[in-house]
Amino acid sequence: MADENMYCDIPEGEFLKYAISCDYGTVNPASFGLWGKQNGVWYRIDEYYFNSRREGFQKTDEEHYAALCRLAGERRISQVVVDPSAASFIEVVRRHGRFKVTPAQNSVINGIRRVSQVLKDGSVKICRSCRSIRREFSLYRWDSKRANDLPVKENDHAMDDLRYFVTTVIDGGGELLAFAAER
């Protein structure tokens, strides 16, 4: 799926909107992407990736929330899209009240198709500084042992957060499930 045209430097100038997508894991890696929109294009401008197996310890929901806050910085984030199976993390984000949190739309095959489309048409680009997602693009593959088309469920955490971003933020797939942050 990786095409060198989808990689770019972080563009100069202001971004009109920001969002964060999260594939949440405690045993499996956690991958969060920071997205900025400029001139009709969404750019993955930064990321957080934590692999507990590689690091030798797990982080709590609160520790991952602190990493989310560091990733957001002082930016006004329109929404944080989270893996819908991460109910405890969604609740932590909601309770803190800083971000609007949305459980992600999780259609795998349609999501992969949409990701392919937006990367091909250039409406989504990955900044070269986002090494974890670039690494996963090189490792992503289909499971040839399955009768139906599904990707191998490893080295896919940044790929999943990208899919959540596209199907929920760009396509609006999760708006009916959105939890507004209490202010």
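Here, the structure is the one placed above.
This text gives an overview of the structure that appears in the document. Because the structure is predicted, anything quoted here is derived from the model rather than measured.

**Section: the overall build of the protein**
Move 1: When you go through the protein residue by residue, the secondary structure sums to six helices and seven strands.
Move 2: Counting from the amino terminus, helix and strand elements in the protein follow one another as β-β-β-β-α-α-β-α-β-α-β-α-α.
Move 3: Within the protein, the fraction of its 183 residues that count as buried is 51%.
Move 4: Per element, the accessible surface of the protein, about 9,500 Å² overall, is 46% carbon and sulfur.

**Regarding the packing of helix α2 (residues 61-72) against helix α3 (residues 87-96)**
Move 1: As a packed pair, α2 and α3 sit with axes 10 Å apart at the nearest point and diverge in direction by 55°. Relative to α3, α2 is oriented oblique. Seen from above, α2 lies across α3 with right-handed handedness. Two secondary-structure elements touch here, α2 through D61, E62, H64, Y65 and L68 and α3 through S88, F89, V92, V93 and H96.
Move 2: Its residues assigned to classes, the contact of α2 with α3 shows five nonpolar, three polar and two charged.

**Let's talk about the pairing of strand β2 (residues 17-23)**
Move 1: Among the seven residues of β2, six are classified as buried, and the element is accordingly described as predominantly covered.
Move 2: Between the end of β2 and the start of strand β3 (residues 30-38), which pair antiparallel, lie six residues.
Move 3: Pairing of β2 with strand β5 (residues 77-82) involves four bridges; the strand directions are parallel. Residue C22 lies in a different strand from β5, and its bridge partner there is V82.

**Some thoughts on helix α6 (residues 157-170)**
Think of an α-helix as 3.6 residues a turn; residues three or four steps apart then line up on the same face.
Move 1: Relative to the 20 Å expected for 14 residues at 1.5 Å per residue, α6 spans 19 Å between its end C-alpha atoms, a close match to the ideal helical length.
Move 2: Extensive coverage of α6 is indicated by the burial of 13 of its 14 residues.
Move 3: Immediately beyond the C-terminal end of α6, within one or two residues, lies G172, with a positive phi of roughly 70°.

**Concerning the sheet that holds β2**
Move 1: The strand order across the open sheet formed by seven strands is β1-β7-β4-β3-β2-β5-β6, and the pairing between neighbours is mixed. Every interior strand has two partners, whereas the edge strands, β1 (7-8) and β6 (101-103), have only one.
Move 2: Across two bridges, the pairing between β1 and strand β7 (residues 124-127) is parallel. Looking across to β7, one finds that C8 is bridged to C127.
Move 3: Here α6 sits on the sheet in contact with β2, β3, β4 (41-50), β5, β6 and β7, set at roughly 135° to β2.

**Section: the side chain of R163**
Move 1: Structurally, R163 is set in helix α6.
Move 2: Judged by its relative accessible area of 4%, R163 falls in the buried class.

**Quick notes on the packing of aromatic side chains**
Move 1: One pass over the structure, following the stated rule, counts nine aromatic pairs.
Move 2: Taking the centre distance of 5.0 Å and the plane angle of 55° together, the rings of F32 and Y48 count as tilted. On the criterion of sequence distance, the pair formed by F32 in strand β3 and Y48 in strand β4 is long-range, its members being 16 residues apart.
Move 3: An angle of 75° between the planes, with centres 5.1 Å apart, marks the rings of W42 and F165 as edge-to-face.

Conventions we followed
- Residues numbered from 1 in each chain as written.
- Predicted model: local features only at pLDDT ≥ 70, side-chain atom pairs only at ≥ 80, totals over all residues.
- Heavy atoms only, no water.
- Helix = DSSP H or I, 4+ residues; strand = E, 2+ residues; numbered from the N terminus.
- Buried < 20%, exposed > 50% of the residue type's maximum accessible area, 1.4 Å probe, protein only.
- Areas by Shrake-Rupley, 256 points an atom, 1.4 Å probe, with all protein chains shown as cover.
- Axes fitted to C-alpha atoms, helices over the stretch in contact; angles between N-to-C directions.
- Parallel < 35°, antiparallel > 145°, perpendicular 65-115°, else oblique.
- Left-handed = near helix turned anticlockwise from the far one by under 90°.
- Contact = heavy atoms within 4.5 Å.
- Nonpolar A, V, L, I, M, F, W, Y, C, P; charged D, E, K, R; others polar.
- Pairing = 2+ DSSP bridges.
- Expected span 1.5 Å × (residues − 1).
- Phe/Tyr/Trp six-rings, centres within 6.5 Å; stacked < 30°, edge-to-face > 60°.

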